[in-house]
Amino acid sequence: VQLQAFGGGLVQAGGSLRLSCAASGSTLSSYYMGWYRQAPGRQRELVAGISSSGLKNYASSVKGRFTISRDNAENTVYLQMNSLKPEDTAVYYCNRARYMAGPTLDAWGQGTQVTVSS
(Lines give C-alpha, C1' and ligand atoms only; values in the text may rest on other atoms or scores of the structure.)
Protein backbone atom coordinates (compact mmCIF):
# COMPACT_ATOMS: atom_id res chain seq x y z
CA VAL A 1 0.00 0.00 0.00
CA GLN A 2 1.25 3.45 -0.86
CA LEU A 3 0.01 6.36 1.17
CA GLN A 4 0.62 9.88 -0.03
CA ALA A 5 0.13 12.89 2.19
CA PHE A 6 -0.18 16.29 0.61
CA GLY A 7 -1.58 19.74 1.20
CA GLY A 8 1.09 21.18 3.45
CA GLY A 9 2.64 24.57 3.07
CA LEU A 10 3.68 27.78 4.75
CA VAL A 11 1.02 29.60 6.70
CA GLN A 12 0.94 32.35 9.29
CA ALA A 13 -0.06 31.65 12.85
CA GLY A 14 -3.82 31.54 13.12
CA GLY A 15 -4.21 30.28 9.59
CA SER A 16 -5.60 27.02 8.26
CA LEU A 17 -4.53 24.14 6.08
CA ARG A 18 -6.21 20.99 4.90
CA LEU A 19 -4.12 17.90 4.49
CA SER A 20 -5.14 14.92 2.39
CA CYS A 21 -4.00 11.32 2.51
CA ALA A 22 -4.63 9.26 -0.58
CA ALA A 23 -4.00 5.55 -0.92
CA SER A 24 -3.23 3.18 -3.72
CA GLY A 25 -3.19 -0.58 -3.43
CA SER A 26 -5.73 -0.90 -0.64
CA THR A 27 -9.09 0.30 0.53
CA LEU A 28 -8.75 2.40 3.64
CA SER A 29 -12.30 2.12 4.90
CA SER A 30 -11.69 -0.94 7.07
CA TYR A 31 -8.67 0.51 8.85
CA TYR A 32 -7.97 2.98 11.57
CA MET A 33 -6.25 5.92 9.90
CA GLY A 34 -3.92 8.23 11.71
CA TRP A 35 -2.22 11.51 11.05
CA TYR A 36 1.22 11.76 12.61
CA ARG A 37 3.79 14.49 12.72
CA GLN A 38 7.48 14.82 13.39
CA ALA A 39 9.18 18.07 14.22
CA PRO A 40 12.96 18.47 14.00
CA GLY A 41 14.67 16.79 16.93
CA ARG A 42 11.47 15.24 18.20
CA GLN A 43 9.84 11.84 17.99
CA ARG A 44 7.00 11.19 15.62
CA GLU A 45 3.67 11.57 17.39
CA LEU A 46 0.07 10.69 16.68
CA VAL A 47 -1.92 13.86 16.06
CA ALA A 48 -5.35 12.52 15.16
CA GLY A 49 -6.97 9.27 14.20
CA ILE A 50 -10.26 7.93 12.95
CA SER A 51 -11.54 4.40 13.22
CA SER A 52 -13.32 2.46 10.52
CA SER A 53 -16.59 3.26 12.30
CA GLY A 54 -15.83 6.96 12.50
CA LEU A 55 -14.63 7.27 16.09
CA LYS A 56 -12.03 10.00 16.40
CA ASN A 57 -9.18 10.69 18.77
CA TYR A 58 -6.89 13.68 19.02
CA ALA A 59 -3.72 14.65 20.77
CA SER A 60 -4.46 17.14 23.52
CA SER A 61 -2.28 19.73 21.80
CA VAL A 62 -4.56 19.87 18.75
CA LYS A 63 -7.99 19.11 20.21
CA GLY A 64 -10.47 21.76 19.23
CA ARG A 65 -8.29 23.01 16.39
CA PHE A 66 -7.82 19.97 14.13
CA THR A 67 -10.51 17.79 12.63
CA ILE A 68 -9.93 14.42 11.01
CA SER A 69 -12.38 12.99 8.52
CA ARG A 70 -12.55 10.30 5.89
CA ASP A 71 -14.24 9.88 2.55
CA ASN A 72 -14.46 6.20 1.85
CA ALA A 73 -15.78 6.74 -1.66
CA GLU A 74 -12.63 8.72 -2.45
CA ASN A 75 -10.39 6.42 -0.38
CA THR A 76 -8.99 9.54 1.25
CA VAL A 77 -8.49 10.82 4.77
CA TYR A 78 -8.32 14.50 5.60
CA LEU A 79 -6.95 16.65 8.39
CA GLN A 80 -8.42 20.12 8.68
CA MET A 81 -6.06 22.26 10.71
CA ASN A 82 -7.32 25.58 12.04
CA SER A 83 -5.81 28.16 14.38
CA LEU A 84 -2.37 26.92 13.52
CA LYS A 85 0.50 27.67 15.87
CA PRO A 86 4.24 27.77 15.26
CA GLU A 87 4.55 24.62 17.37
CA ASP A 88 2.47 22.78 14.77
CA THR A 89 5.40 23.07 12.38
CA ALA A 90 6.41 19.55 11.39
CA VAL A 91 6.32 16.99 8.63
CA TYR A 92 2.91 15.36 8.64
CA TYR A 93 2.35 11.73 7.68
CA CYS A 94 -0.58 9.38 7.43
CA ASN A 95 -0.61 5.68 8.12
CA ARG A 96 -2.91 2.75 8.74
CA ALA A 97 -3.40 0.67 11.85
CA ARG A 98 -5.68 -2.21 12.75
CA TYR A 99 -7.09 -0.43 15.74
CA MET A 100 -7.09 2.97 17.40
CA ALA A 101 -3.57 4.20 18.08
CA GLY A 102 -2.20 0.75 17.26
CA PRO A 103 1.09 -0.07 15.52
CA THR A 104 1.24 1.34 12.03
CA LEU A 105 1.13 -1.01 9.06
CA ASP A 106 2.89 0.80 6.27
CA ALA A 107 6.26 2.30 5.52
CA TRP A 108 6.41 6.00 6.19
CA GLY A 109 6.13 8.06 3.05
CA GLN A 110 7.70 11.45 2.46
CA GLY A 111 4.98 13.26 4.33
CA THR A 112 4.01 16.85 3.76
CA GLN A 113 5.73 19.79 5.37
CA VAL A 114 3.67 22.22 7.42
CA THR A 115 5.41 25.41 8.47
CA VAL A 116 3.65 27.94 10.65
CA SER A 117 5.28 31.33 10.96
CA SER A 118 4.76 33.58 13.96
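Residues numbered from 1 in each chain as written. Predicted model: local features only at pLDDT ≥ 70, side-chain atom pairs only at ≥ 80, totals over all residues. Heavy atoms only, no water.

## Re the pattern of salt bridges
Thought 1: Summed over the entire model, instances satisfying the criterion amount to four salt bridges.
Thought 2: Of the charged contacts in the structure, one is a salt bridge between Arg37 and Asp88, with a shortest N-O distance of 2.9 Å. Taken together, the positions of Arg37 in strand β4 (residues 32–38) and Asp88 in the loop between β8 (76–81) and β9 (90–97) put the pair 51 residues apart, joining distant regions of the chain.
Thought 3: The closest approach of N and O atoms between Arg96 and Asp106, which form a salt bridge, is 2.6 Å. Taken together, the positions of Arg96 in strand β9 and Asp106 in the loop between β9 and β10 (112–117) put the pair 10 residues apart, joining distant regions of the chain.
Thought 4: Here Arg96 falls in the buried class, since its relative accessible area comes to 7%.
Thought 5: Look at Asp106 and you get buried, because its relative accessible area is 12%. (Salt bridge = Lys/Arg side-chain N within 4 Å of Asp/Glu carboxyl O. Helix = DSSP H or I, 4+ residues; strand = E, 2+ residues; numbered from the N terminus. Buried < 20%, exposed > 50% of the residue type's maximum accessible area, 1.4 Å probe, protein only.)

## Some points on the state of the cysteines
In protein chemistry, a disulfide is the covalent bond that joins the sulfur atoms of two cysteines.
Thought 1: Under the criterion given, the structure shown has one disulfide.
Thought 2: A sulfur-sulfur separation of 2.1 Å characterises the disulfide bridge that pairs Cys21 with Cys94. On the S-S bond that ties Cys21 to Cys94, the torsion sits near 75 degrees, and the link is right-handed. Here the residue Cys21 occupies a position in strand β3 (residues 17–24), and Cys94 occupies one in strand β9, the gap between them amounting to 73 residues.
Thought 3: According to the relative accessible area criterion, Cys21 is buried, its value standing at 0%.
Thought 4: Of the residues examined, Cys94 reaches a relative accessible area of 4% and is grouped as buried. (Disulfide = S-S within 2.5 Å.)

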